[in-house]
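Commentary on secondary and tertiary structure
Chain by chain, the residues run as shown.
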Amino acid sequence: MSAIFPKWTNAVPTIGAMGALGGLLTVVVGTWYYATPDFWEVGYMPTQPGEGFNHQLHAGRLGMDCRYCHTNVETSPEANVPTVSTCMGCHTEGMLSGSDVHRVGWVREAYAEDRSIPWRRIHKLPDYVRNFPHHVHVQAGVSCYSCHGQIVGMPVVFQAESLSMGWCLECHREPEKHLVPPDQVTKLVWAEQEWFATPVHQRSYEGVTASELLESLRQAPPQNCAACHH
Ligand code: HEC
Ligand code: HEC
Ligand code: HEC
Ligand code: HEC
Ligand code: HEC
């Protein structure tokens with residue numbers, strides 16, 4: 001087995017206990033962890049076309065719900081990014097007149113020419129991870145925040161989590177740490193500042209507690225190889 005798993009998969013959860021074992025081991029484990037390519041993907045932030053798209057402005061300042069644009073996050077195994085026509089709900093000529101309005105010309109042009117905007121993909125699992133049903137997670141009440149970080153505060157989206165196998169399993173072993181009431185999955189500021197800032201056993205929202213959320217899962221998250229790799 002040990003040859004199959006990346007070594008650090010086992011090492012990560014114990015990093016917290018390393019102090020007791022002294023410096024040398026910490027250095028060794030630390031090197032495994034930091035030398036893993038996955039780690040370097042955290043922070044991945046490709047340059048986006050045009051002026052880019054600002055989540056801090058649209059989802060933060062303007063308070064738009066994620067599902068206005070990411071329409072199928074609750075219903076499809078693959079999430080989606082919006083088409084240009086979604087943007088035109090607000091960015092047709094004359095609709096907005098603020099100081100930034102001249103910065104959306106490239107969006108209108110793409111729409112007028114019936115071109116899609118070639119957004120560069122940020123989060124991508126390797127092909128041999130055959131089963132990651134995105135919607136099952138959102139329906140179960142895993143917050144976007146747990147997997148994508150504080151998107152509402154990002155002028156430019158970057159990859160906040162490793163998306164490694166150890167990362168998947170860490171949550172599958174203790175999902176209660178990450179569950180929010182399913183109707184709050186897109187409330188990322190609330191999740192970070194109120195729900196996750198409270199110890200698990202004290203979490204309660206409109207009378208619903210973290211342990212009740214765990215009990216209401218359809219099934220325990222899988223840990224067997226075939227569930228994710230078939
Ligand atoms: C007005 C439309 C709009 C809203 C609202 C919006 N997004 Fe996005 N989102 C986009 C567009 C366009 C992209 C592609 C460009 C980019 O990556 O910045 C994107 C990209 C992303 C990505 C990266 C996808 C990848 O390539 O891996 C994530 C994650 C994401 N959004 C999450 C969220 C979350 C969470 C919310 C709610 C808090 C949200 N978005 C609200 C339009 C929107
Ligand atoms: C619900 C309305 C709404 C939708 C839908 C919307 N925007 Fe915006 N957008 C705004 C507002 C409001 C501003 C600020 C304009 C201002 O300051 O005058 C803005 C500003 C911008 C800017 C200029 C500021 C900056 O960050 O550079 C860009 C570019 C932009 N939007 C792109 C998009 C794209 C791309 C989409 C579709 C994925 C989109 N918007 C969808 C309302 C919207
Ligand atoms: C359990 C973790 C998890 C949760 C919860 C989650 N995502 Fe994702 N998301 C991912 C992973 C992993 C990928 C890459 C999937 C792949 O490559 O097949 C992804 C991909 C995406 C993409 C890229 C789609 C594309 O085609 O470019 C968007 C957009 C997105 N997620 C938005 C959201 C939004 C909005 C929420 C909250 C409603 C959310 N995600 C909740 C893990 C998650
Ligand atoms: C933050 C928590 C969290 C993370 C991270 C996470 N999952 Fe899950 N996953 C869950 C929960 C909770 C369920 C159970 C959902 C249910 O029963 O409704 C689940 C269920 C699943 C299922 C079973 C789906 C079904 O229909 O039976 C698969 C497959 C899966 N996850 C794959 C992955 C993969 C692959 C990753 C990593 C890329 C991942 N998950 C990361 C929380 C998570
Ligand atoms: C919850 C989902 C999940 C389960 C269960 C799971 N894996 Fe994975 N596995 C992943 C993900 C996600 C990756 C991709 C990690 C990455 O990008 O390096 C991965 C990567 C791998 C790799 C490639 C390792 C590498 O270093 O790149 C192997 C081999 C593997 N898994 C074997 C297994 C075996 C054997 C089991 C059962 C004991 C298993 N997996 C169970 C999600 C899972």
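Look up: the structure comes first, before these words.
The residue count restarts for each chain, going from 1 along the sequence in the order it is written. Each chain takes a letter, starting from A, and each ligand takes a number, starting from 1, following the order in which they are written. For a predicted model such as this one, the threshold for reporting local features is a pLDDT of at least 70, and the threshold for listing and counting side-chain atom pairs is 80 or more; totals across whole chains, interfaces and linings nevertheless cover every residue. Side-chain descriptors were evaluated using all non-hydrogen atoms of the structure, hydrogens and water having been removed beforehand.

Looking at the coordination of the iron atom of ligand 5
Condition: Each metal's donors comprise the N, O and S atoms found within 2.8 Å of it (within 3.2 Å for Na, K or Ca). Water is not part of the atom list, so some coordination spheres may appear incomplete. Between 85 and 135 degrees for all angles marks four donors as tetrahedral; over 155 degrees for opposite donors together with 65 to 115 for all other angles marks four donors as square planar and six as octahedral; every other arrangement is irregular. Secondary structure elements are taken from DSSP: a helix is a run of H or I of four residues or more, a strand is a run of E of two residues or more, and numbering for both begins at the N terminus. When a residue's accessible area, from a 1.4 Å probe over protein chains only, is under 20% of the maximum for its type it is buried; when over 50% it is exposed; and in between it is partly exposed.
Around the iron atom of ligand 5, the protein contributes the donor atoms M165 (SD) and H229 (NE2), which lie 2.0 Å from the metal centre. One can describe the donor arrangement at the iron atom of ligand 5 as octahedral, given that its six donor atoms subtend angles of 85 to 180° at the metal. Pair noted here: M165 is in helix α10 (residues 165-173) and H229 is in helix α13 (residues 225-229), with a separation of 64 residues, a long-range link. Residue H229 is classed as partly exposed on the basis of its relative accessible area of 28%.

Notes on the site of ligand 4
This is how it is decided: The near set for a molecule or strand comprises every residue that places at least one heavy atom within 4 Å of it. In the analysis that follows, any N or O atom pair within 3.5 Å is treated as a polar contact, provided that within protein one partner can donate a hydrogen and the other can accept it, and provided that, for residues neighboring in sequence, both atoms belong to side chains. Under the grouping applied here, Gly and all other residues not named as nonpolar or charged are polar, the nonpolar ones being Ala, Val, Leu, Ile, Met, Phe, Trp, Tyr, Cys and Pro and the charged ones Asp, Glu, Lys and Arg.
Lining the immediate surroundings of ligand 4 are 23 residues, of which H137, C168, C171, H172 and Q219 lie closest. R218 has a polar side-chain atom sitting 3.3 Å from an oxygen atom of ligand 4. Looking at the shell around ligand 4, the elements with two or more residues in it are α8 (134-140), α10 and α13. Residue composition of the shell around ligand 4, grouped by class: 16 nonpolar, six polar and one charged.

Some remarks on the nonpolar core
Selection rule: Each nonpolar core is a collection of buried residues, namely Ala, Val, Leu, Ile, Met, Phe, Trp, Tyr and Cys, held together in the definition by side-chain atoms within 4.5 Å. Contact criterion: two residues are considered in contact whenever any of their non-hydrogen atoms come within 4.5 Å of each other.
With 13 residues, the main nonpolar core has L179, V180, W190, W195 and F196 as its most contacted residues. Looking at this core, the element that brings in the most residues is helix α11 (residues 188-195), giving three residues. Other than its neighbours up to four places away in sequence, W190 contacts V180, P181, Q184, W195 and Y205. In terms of nonpolar packing, the next biggest core, distinct from the first, is built from seven residues, I122, C144, V152 and V157 among them.

Considering the environment of V136
Residue position: V136 is located in helix α8. Take V136: its relative accessible area is 28%, and that puts it in the partly exposed class. For the pair V136 and T75, spaced 61 residues apart in sequence, the C-alpha separation works out to 8.1 Å.

Considerations on the packing of aromatic side chains
As a reminder, the rule being used: Pairing of aromatic rings covers Phe, Tyr and Trp, the last counted by its six-membered ring, and requires centre-to-centre distances within 6.5 Å; plane angles under 30 degrees mean stacked, over 60 mean edge-to-face, and any other angle means tilted.
Applying the stated criterion to the full structure yields four aromatic pairs. With centroids separated by 5.1 Å and ring planes inclined at 70°, the aromatic side chains of W190 and Y205 adopt a geometry described as edge-to-face. Taken together, the residues span a long stretch of sequence, with W190 in helix α11 and Y205 in strand β1 (residues 204-205) at a distance of 15 residues. On the basis of relative accessible area, W190 is assigned to the buried category, the value being 15%. Put simply, the rings of W190, W195 and Y205 pair up and form one aromatic cluster.

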